[in-house]
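What the coordinates show
Each chain, letter by letter, is given below.
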Amino acid sequence: MESTVDEATSATAAKPSRLRRIFRLGLEWTTAAMVAAAVVAGAFLGLQALQRGAVADDGPAPRPPIPVAVLPIAIQPGYSIEERFTGRVEPARTAPVAFERAGLVLEVLADEGATVAADAPLARMDTEPLLLERRRLVAEREAVEADRALSALTEDRRRRLVDEGWTSGQSFDEARLGGTALEARRAALDAAIAALDLDIAKSTIRAPFAGTVARRGVDEGTVVEAGTPLVILQETARPQARIGLPPRRATALTPGTTVGLVAAGQALEGTVAAVTPDLDPSTRTVSALIDLPADAGLVMGDLVRLSLSREVPDAGAWVPIGALTEAERGLWSVLTVTGGEVPAAAREAVEILHVADGRAFVRGTFAAGDRVIVEGRHRITPGQPVTVAATAE
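Anyway, here's the lowdown on the structure attached to this text. Since this is a predicted model, take the numbers as computed values, not measurements.

Along the protein, the regular secondary structure elements total four helices and 22 strands. Looking at the protein residue by residue over its 393 residues, the buried ones come to 28%. Counting contacts in the protein only where the partners sit at least 6 residues apart, residues at least 24 apart contribute 74% of the total. Carbon and sulfur atoms provide 57% of the accessible area of the protein, an area that totals close to 24200 Å².

In this section: the sheet that holds strand β2 (residues 79-91). Spatially, the six strands close up into a barrel ordered β2-β11-β14-β13-β12-β15, and their pairing is antiparallel. For this sheet the average axis-to-axis angle between neighbouring strands, irrespective of direction, equals 45°.

Together, Leu104, Leu106 and Val223 give the surface a local cluster of nonpolar side chains, amounting to about 250 Å² of exposed area. One can find leucine 106 in strand β4 (residues 103-108).

Further remarks concern unusual backbone geometry. Although it is not a glycine, aspartate 119 adopts a positive phi angle of roughly 70°. Topologically, aspartate 119 is positioned in the loop between β5 (115-116) and β6 (121-125). Classification of aspartate 119 by relative accessible area gives partly exposed; the value is 49%. In this model, aspartate 357 sits at a positive phi of 55°, which is unusual for a non-glycine residue. Within the fold, aspartate 357 resides in the loop between β19 (345-356) and β20 (359-364). Take aspartate 357: its relative accessible area is 77%, and that puts it in the exposed class.

With that settled, consider the sheet that holds strand β9 (residues 223-224). Read from one edge to the other, the open sheet built from four strands follows the order β7-β6-β4-β9, with strand pairing classed as antiparallel. In the strand order of this sheet, the two ends are held by β7 (204-206) and β9, each with one partner. Relative to β9, β4 runs antiparallel, the two sharing two bridges. From the neighbouring strand, leucine 104 faces β9, where its bridge partner is valine 223.

Right, let's talk about the pattern of salt bridges for a bit. For the coordinates displayed, the defined rule picks out 21 salt bridges. Close ionic contact of arginine 310 with glutamate 83 constitutes a salt bridge, the shortest N to O distance being 3.1 Å. Highlighted residues: arginine 310 in strand β15 (residues 303-312) and glutamate 83 in strand β2, separated in sequence by 227 residues. A relative accessible area of 14% places glutamate 83 in the buried class. The closest approach of N and O atoms between glutamate 90 and arginine 242, which form a salt bridge, is 2.9 Å. Remark: arginine 242 occurs in strand β11 (residues 239-245) and glutamate 90 occurs in strand β2; sequence separation between them is 152 residues.

Glancing now at the packing of aromatic side chains. Applying the stated criterion across every chain, the model contains two aromatic pairs. Where tryptophan 318 meets phenylalanine 361, the ring centres are 5.2 Å apart and the plane angle is 70°; that geometry is what we call edge-to-face. Here phenylalanine 361 lies in strand β20 and tryptophan 318 lies in strand β16 (residues 317-320), a separation of 43 residues in the sequence. On the basis of relative accessibility, which here comes to 15%, the residue tryptophan 318 falls in the buried class. A residue is classified by how much of its surface remains accessible, and phenylalanine 361, at 0% relative accessible area, is buried. Within the aromatic cluster, the residues linked to one another by ring pairs are Tyr79, Trp318 and Phe361. Here the guanidinium or amino end of arginine 359 rests over the ring plane of tryptophan 318, the centre of that ring lying 4.1 Å away.

With that settled, the discussion passes to the environment of alanine 146. Topologically, alanine 146 is positioned in helix α2 (residues 128-164). Among the residues examined, alanine 146 registers a relative accessible area of 47% and is labelled partly exposed.

Among the secondary structure elements, glutamine 240 is positioned in strand β11. A residue is classified by how much of its surface remains accessible, and glutamine 240, at 8% relative accessible area, is buried. There is a polar contact of 2.8 Å between the side chain of glutamine 240 and the side chain of aspartate 291. Not counting chain neighbours up to four residues away, the residues in contact with glutamine 240 comprise Arg88, Val89, Glu90, Ala92, Ala273, Leu289, Ile290, Asp291 and Leu292.

So, on to the side chain of threonine 285. Locating threonine 285 in the fold gives a position in the loop between β13 (266-275) and β14 (286-291). Within polar-contact distance, the side chain of threonine 285 engages the side chain of threonine 283 at 2.7 Å. Discounting chain neighbours no more than four positions away, the residues touching threonine 285 are Gly244, Leu245, Pro246, Asp278, Leu279 and Asp280.

A few words on the environment of glycine 103. Position of glycine 103 relative to the elements: it lies in strand β4. Residue glycine 103 is classed as buried on the basis of its relative accessible area of 14%. Distance from glycine 103 to glutamate 225, taken between C-alpha atoms, is 6.8 Å for residues 122 residues apart in sequence. Not counting the four nearest positions on each side in its chain, glycine 103 is found in contact with Met125, Thr222, Val223 and Val224.

The next point concerns the pairing of β11. With five of seven residues buried, β11 is to be regarded as a mostly interior element. As judged from the five bridges shared by β2 and β11, these two strands associate in the antiparallel manner. Among the inter-strand pairings, arginine 88 is bridged to a residue of β11, identified as arginine 242. Taken together, the six bridges between β11 and β14 define a ladder with antiparallel strand orientation. Looking across to β14, one finds that alanine 241 is bridged to isoleucine 290.

Rules of the game
- Residues numbered from 1 in each chain as written.
- Predicted model: local features only at pLDDT ≥ 70, side-chain atom pairs only at ≥ 80, totals over all residues.
- Heavy atoms only, no water.
- Helix = DSSP H or I, 4+ residues; strand = E, 2+ residues; numbered from the N terminus.
- Buried < 20%, exposed > 50% of the residue type's maximum accessible area, 1.4 Å probe, protein only.
- Contact = heavy atoms within 4.5 Å.
- Areas by Shrake-Rupley, 256 points an atom, 1.4 Å probe, with all protein chains shown as cover.
- Pairing = 2+ DSSP bridges.
- Axes fitted to C-alpha atoms, helices over the stretch in contact; angles between N-to-C directions.
- Patch = residues over 30% accessible without salt bridge, like charges linked within 9 Å, V, L, I, M, F, W, Y side chains within 5 Å.
- Salt bridge = Lys/Arg side-chain N within 4 Å of Asp/Glu carboxyl O.
- Phe/Tyr/Trp six-rings, centres within 6.5 Å; stacked < 30°, edge-to-face > 60°.
- Lys NZ or Arg CZ within 6 Å of the ring centre and 35° of its normal.
- Polar contact = N/O pair within 3.5 Å; in protein donor to acceptor, adjacent residues only side chain to side chain.

Next up, the structure:
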């Protein structure tokens, strides 16, 4: 009996606990539902606000056109290439001065670097052997003269004897022809004496032209063979430039024409003297000889540069190097200004043909009259509005 009452009491006590749990669960579900409803409502209201803002705002204000400097494109049929060729200054004439015979050098009258006039004495050779030989020949000639005088007297006597019949004509002929032989002997001696006089005169060697002694080969007291150079004489008063040119470019030079040169840091004008016809096998060039001004102050061996222009027939246009932008596959590009109500930048592909003096000669997709943007291209993209602020020349 007591057991039954306890169970009933326990059951009655357990009911309030289950009710509380049910109530708590219901409260939690109600709270979650209210939070979810609030989130949905907030999102809905925010979306409506964004839509209203989108309707009210038409987007950011457009950027103003960028001012640029342009250069009108002028199509040309070709371009000119400045080719430079290098040579050296050399004297117009160079002579290794030497004696024509062997002998003892008594005196060298010109040192290295000395400037001498034409026909000035440069060296003297010992002439004593020549003078002795000349005295011998003169004495022999005097003996021949005496024999010739005797032969003339003998010839005259025998002519009278033949006329009177006292002697034969044979003796007269011998006297007459003996005189002729003596005359021939006298003429030979005269020629030998003249040759000795010439050798004596040439024992003092003289400058063949005015110039400067570049090198001295021997000193006094030296016994030299015929043709041994005593001094090297250069005609420095008339310097020349020897410049090697390809045969096809040498045809552009005509003797007597004036060309521009650069030597020793100064610009000069020279006159083409000649173009050699032979080809140098080592350089495959021909030599152009160009007369230079005597007062240019050049030193033999100075470098000389010759500039020649060559026309290349290839249509294109000149643009500043600063207007070029490197593109793909070895090409380049430029920005041009398109026409229309709102000018805009456009990209044109170009190929560089030649570069000179800060400019590039190019060909590409542009047309004559297009305007190339020369400044501010790094701030511009194709299609961007621009306004022309200046036009370059």
